[in-house]
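A look at the structure
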Amino acid sequence: MKAIRRFTVRPVLPEPLMPLADLARNLRWSWHAETRELFQSVDPDGWQAAGGDPVRLLGAVSAARLEELAGDRRFLRRLAVVTAELDDYMGGGRWYQNHENGAELPAAIAYFSPEFGITAALPQYSGGLGILAGDHLKAASDLGVPLIGVGLLYRHGYFRQSLSRDGWQQEHYPVLDPNELPLSLVREADGTPARVSLSLPGGRPLHAHIWQARVGRIPLLLLDSDVEDNDAPAREVTDRLYGGGSDHRLLQEMLLGIGGVRAVRTYCAMTGHPAPEVFHTNEGHAGFLGLERIRELGGELELGFDAAVEAVRAGTVFTTHTPVPAGIDRFERSLVARHFGEGGELPGVPVDRILELGAESYPGGDPGVFNMAVMGLRLAQRANGVSTLHGAVSRGMFAGLWPGFDPGDVPITSVTNGVHAPTWVAPEVVRLGVRQIGAGRTEDALSVGGSERWDAVADIADQDIWDLRRVLREQLVQEVRDRLRVSWQQRGAGAAELGWVDSVLDPDVLTIGFARRVPSYKRLTLMLRDPERLRRLLLDPDRPVQIVVAGKAHPADDGGKRLVQELVRFADDPRVRHRIVFLPDYGMAMAQKLYPGCDIWLNNPLRPLEACGTSGMKAALNGCLNLSVLDGWWDEWFEPDFGWAIPTADGIGTDEERRDDLEANALYELIEERVAPRFYDRAGRAGLPVRWIEMVRRTLVSLGPKVLAGRMVREYVERLYAPAALAHRALTPDSARDLAWWKGRVRAAWPRVGVEHVEALAAAPVGGTAELGATLTLRVQVSLDALAPEDVEVQAVAGRVDAQDVIRDGRVFPLKPSAGPDLEGRWVYEGPLALDRTGPFGYTVRILPAHPLLATPAELGLLAAPAAGDAGAGHGVVLR
């Protein structure tokens, strides 16, 4: 019989055990081994049944067991130690508090993301974006960075995946009760739930409660629209992660951005938490936060729209994660206009100006859509991609917003992602580190980084490394068998059919892992291009290979589901099913077993469509070697000492079948000729594969400090958050108005700004050649219309040129005014240009807007330069 109402009965802990409640409600337990071990000792069987979730454990443990623990002095001593350690962690000064430039750092940062992957016990993530956001919060907590996380609470989370008998992906959406999750409802002083509200067309309200998760030192605020005062459609706004059609997604993103800012204001007012000086938008989904801040400033400070935009931009950081336009949220302009027009949200903010912010007003753009990433970039003074290569891809993808600029000058930088080592490094790896370099240094190495801490790994004995790798592989084998048995039972198999599962995988066989989402560009089935060749690899009598595969296709992506089915059907073949498996329902709990147990982590996306690819980082921190296309982070840090690069057929053109054939063949050859032989080469001391072990050691020593989320967050603080905080402080109401007025004046004058003539006065090239080390003195005549020299920068840009006279790796030489203005408003600029590189060399001249409150001269997207062939064009020479 089904219950007509559901509620949660919480346990009453005996007084001596009350600290357990605080420990369970702070998600630091998800990366703090001692806390997890303490909860496991409460009830080992219950801990396993609860999936390692302390909240569920405490909700199920018997009263008799609690009374027993309340009188167990040994347990209470452990509880006191862990509680004191958490108190010290929460209150002590850390890297941020001890920073040498502390006065420049923001008092607080609000970090918005549509998903957060903190722990499997809080399933509010779908893939890499959410896991990255979770790791960002954890690393910020470890470093003492005063972040406030902001997201949505999805009552069904992301889907759970199973397989039909014929291998087709099936989705399930279990209902999540917030009262059974490690969350607490934010309440007003009188005990009523705090909430935020938005206005929908037709006068309908959208209310949301605010739930809080404690991620170490970081509050994570999650908005929940399942509120009784909402009508049925409004209650379902936060039903599923990335669910529903365009209107549903738009409402989710309005609630995340606009409601999220209001939730932050409510939380800070109630708790005394410092108000954020910096707002970080993790992908475009939360971009509407800028509109709410424009509304705030228009009301509180009576700023006009343009001045409010400048004030908002100064303190905003935007991170893009997508390498393709198809990955960006785009809505019909009419839909956005309906929600922000008459009777909608943000009264007083002109809807036409809102639509301008998201307009694709550049060549090739669609005038009928509202682009969330475009709005995010226009409302952020600082933007970044998530690897060096992805930064370059992003500059090219969004170059239309900065017309006239070369992609290299587009103001989008990069901060390469990192992963939170205490979350992803296996306990066995940590214990080996503790034994080798000590507990304190191991904790610092995993959380803070620093190459000197990781160098000690070089002294770990070969035998210890190899023994560790074997233990981790053996644990993975058992995990795979357990999960595979459950999967087959869900597919309808009976126990009598599953005896073969006990022989799946071998702890002494080279193990390759491949696990990620299943969009087409990640090429789940590239390994199947030549099925017979793959079978030979798997069944090689001397150097066999085994492969563990996992991944979810989006529920609406039938193409991705067909890829999953193709892989599953291959793995179901009785000839190879002991050597290759597909595990459904890939998530954090599975990943934490999968990464450490693999010897090789495979990644074969279409280059350059992998923005970063952090799964390979997590594997590397456990001594797993990467075998990957040079994309994302691997393009940046690959060295032959610690992995392999899969060659790509980048020049093949549009023949996708030919490209996949070539790259699959390269993958097979690498495994056959280099990877497997090195793993099975036991000619070293004591029969060990010493060259393989050395690659494991180099992976840890060289990559360990680089791939940490602590390194990533420090970069965000120093390169983006601190400058954004300073810019925010500089944009007083008066200076915001002045800056908006100045930009308007510059834009009005710019059509009449230009370079009219360029000449070299001294050391001019003779016969098209010049000597290295010589200096040209340039004189440039420019028209500035109504602008003054302090409004612009006049620059020479020089460097090597290619066959088309395009300057590569140009160096900027500032020019200074020497005369003017004449009767027609023209100025003369002069300056030296050093000829510092040999080979074909060229230069040009350009004019850019200049103002002390601009983050970059490219900020306005305005540039004046002579056209090639004009009198003012750059001149080509060859340096000898």
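Now for a look at the structure at hand. None of the values given here were measured: they were computed from a predicted structure. (Residues numbered from 1 in each chain as written. Predicted model: local features only at pLDDT ≥ 70, side-chain atom pairs only at ≥ 80, totals over all residues. Heavy atoms only, no water.)

The next thing to look at is the sheet that holds strand β19 (residues 625-629). Taken in spatial order, the six strands make up an open sheet running β17-β16-β15-β18-β19-β20, and their pairing is parallel. Lying at the two open borders of the sheet, with one neighbouring strand each, are β17 (580-583) and β20 (643-646). On average, adjacent strands in this sheet sit at an angle of 20 degrees to one another, irrespective of strand direction. Sheet topology places strand β18 (residues 600-603) next to β19; four bridges connect them, and they run parallel. Counterpart to L602 in the pairing with β19 is L627. Strand contacts of helix α20 (residues 462-490): β15 (510-515), β16 (545-550) and β17, with the helix running at about 60 degrees to β17, the strand carrying the most contacts. Sheet strands in contact with helix α21 (residues 531-539) are β16 and β17, and its direction is about 115 degrees off that of β16. (Pairing = 2+ DSSP bridges. Helix = DSSP H or I, 4+ residues; strand = E, 2+ residues; numbered from the N terminus. Axes fitted to C-alpha atoms, helices over the stretch in contact; angles between N-to-C directions. Contact = heavy atoms within 4.5 Å.)

Reported here for the second largest pocket is a volume of approximately 1400 Å³. Secondary structure elements with two or more residues in the lining of the second largest pocket: α7 (128-143), α23 (588-597) and α24 (615-620). Ranked by the residues each element gives to the lining of the second largest pocket, the list is headed by α7, at four residues. Per-class residue counts for the lining of the second largest pocket are 24 nonpolar, 14 polar and twelve charged. (1 Å grid on protein atoms, 1.4 Å probe; cavity = no way out; pocket = protein on both sides within 12 Å on 5 of 7 lines; lining within 4 Å. Points joined across faces, edges and corners; volume = space filled by probe spheres on them. Nonpolar A, V, L, I, M, F, W, Y, C, P; charged D, E, K, R; others polar.)

Relative to the elements of secondary structure, G127 occurs in the loop between β1 (109-112) and α7. The exposure class of G127 is buried, given its relative accessible area of 13%. Each C-alpha atom of the pair G127 and K552 lies 9.0 Å from the other, and the pair is 425 residues apart in sequence. Every residue in contact with G127, bar those within four places of it in the chain, is listed here: E115 and R517. (Buried < 20%, exposed > 50% of the residue type's maximum accessible area, 1.4 Å probe, protein only.)

On to the packing of helix α17 (residues 427-437) against α20. One can describe the packing of α17 onto α20 by two numbers: an axis separation of 10 Å at closest approach and a directional angle of 160 degrees. The pairing of α17 with α20 is recorded here as roughly antiparallel in orientation. Judged by the twist between their axes, the crossing of α17 over α20 is right-handed. The residues of α20 that touch α17, namely those facing E428, V429, L432 and R435, are D464, L468, V471, L472 and Q475. (Parallel < 35°, antiparallel > 145°, perpendicular 65-115°, else oblique. Left-handed = near helix turned anticlockwise from the far one by under 90°.)

Moving on: the pairing of β15. With six of its six residues buried, β15 lies for the most part within the structure. Pairing between β15 and β16: six bridges, direction parallel. Directly across from L510, in β16, lies its bridge partner V545. Both β15 and β18 contribute to a ladder of two bridges, which runs parallel. When the sheet's bridge partners are listed, G513 is paired in β18 with W601.

With that settled, the discussion passes to unusual backbone geometry. Following R607, the chain continues to P608 via a peptide bond in cis, the omega torsion being 5 degrees. Structurally, P608 can be placed in the loop between β18 and α24. That bond from G820 to P821 is cis: its omega, 0 degrees, falls within 30 degrees of zero. Secondary-structure assignment places P821 in the loop between β25 (807-819) and β26 (826-834). The phi angle at Y242 is positive, at roughly 55 degrees, despite the residue not being glycine. With respect to the helices, strands and loops of the structure, Y242 is situated in the loop between α8 (232-235) and α9 (246-271). By relative accessible area, Y242 is classed as buried at 15%. Even without being glycine, D785 reaches a positive phi, approximately 55 degrees. On the accessibility criterion, D785 (34% relative accessible area) is partly exposed.

We now examine the pattern of salt bridges. Going through the model one piece at a time under the given rule, you end up with 58 salt bridges. If you follow the salt bridges from partner to partner, you end up with R155, D224, D226 and R235 in one network. (Salt bridge = Lys/Arg side-chain N within 4 Å of Asp/Glu carboxyl O.)

So, about a negative patch on the surface. Taken together, the side chains of D22, E34, E37, E85, D87, D88, E443 and D444 present a region of like negative charge at the surface. The set of elements that each furnish at least two residues to the negative patch consists of α2 (33-42), α6 (73-91) and α18 (439-447). Looking at the negative patch element by element, the count peaks at three residues for α6. Along the chain, the position of D444 falls in helix α18. (Patch = residues over 30% accessible without salt bridge, like charges linked within 9 Å, V, L, I, M, F, W, Y side chains within 5 Å. Areas by Shrake-Rupley, 256 points an atom, 1.4 Å probe, with all protein chains shown as cover. Lys, Arg positive; Asp, Glu negative; His and termini not counted. Charge placed at Lys NZ, Arg CZ, Asp CG, Glu CD.)

Along the chain, E428 falls in helix α17. If near-sequence neighbours (up to four positions away) are discounted, E428 is found in contact with L468, V471, L472 and Q475.

Working note: α-helix, 3.6 residues per turn, so residues spaced by three or four point in the same direction. Most of α23 sits inside the fold, with seven of its ten residues counted as buried. Inspection of α23 places M588, M590, A591, L594, Y595, P596 and G597 among the buried residues, and these make up the whole buried set.

With that settled, consider the state of the cysteines. Scanning the entire structure with this criterion turns up zero disulfides. The thiol of C598 is not disulfide-bonded; the next cysteine sulfur, from C624, is found 5.6 Å away. You can call C598 buried: its relative accessible area is 0%. Distance from the sulfur of C612, which forms no disulfide, to the nearest cysteine sulfur (C624) is 16 Å. Residue C612 is classed as buried on the basis of its relative accessible area, which comes to 4%. (Disulfide = S-S within 2.5 Å.)

Take the nonpolar core next. Grouped together as the largest cluster of nonpolar side chains are 108 residues, with contacts concentrated most on L510, M527, I547, I600, L627, W644 and W692. Of the residues forming this core, the biggest block, ten residues, is contributed by helix α26 (residues 656-680). In terms of nonpolar packing, the next biggest core, distinct from the first, is built from 99 residues, V186, V780, V794 and W827 among them. (Core = buried A, V, L, I, M, F, W, Y, C linked by side-chain atoms within 4.5 Å.)

Here we come to the packing of aromatic side chains. What the rule picks out here adds up to 20 aromatic pairs. Where W424 meets Y595, the ring centres are 5.7 Å apart and the plane angle is 70 degrees; that geometry is what we call edge-to-face. Here W424 is found in helix α16 (residues 421-424), whereas its partner Y595 is found in helix α23, with 171 residues between them in sequence. The same class applies to W424 and to Y595, which are both buried. Grouped by ring-pair contacts, the aromatic residues W466, W644, F679, Y680 and W692 constitute a single cluster. When the ring centre of W488 is taken as origin, the NZ or CZ atom of R491, which lies over that ring, is 4.1 Å away. Over the face of the ring belonging to F514 we find R516, whose NZ or CZ atom lies 4.6 Å from the ring centre. (Phe/Tyr/Trp six-rings, centres within 6.5 Å; stacked < 30°, edge-to-face > 60°. Lys NZ or Arg CZ within 6 Å of the ring centre and 35° of its normal.)

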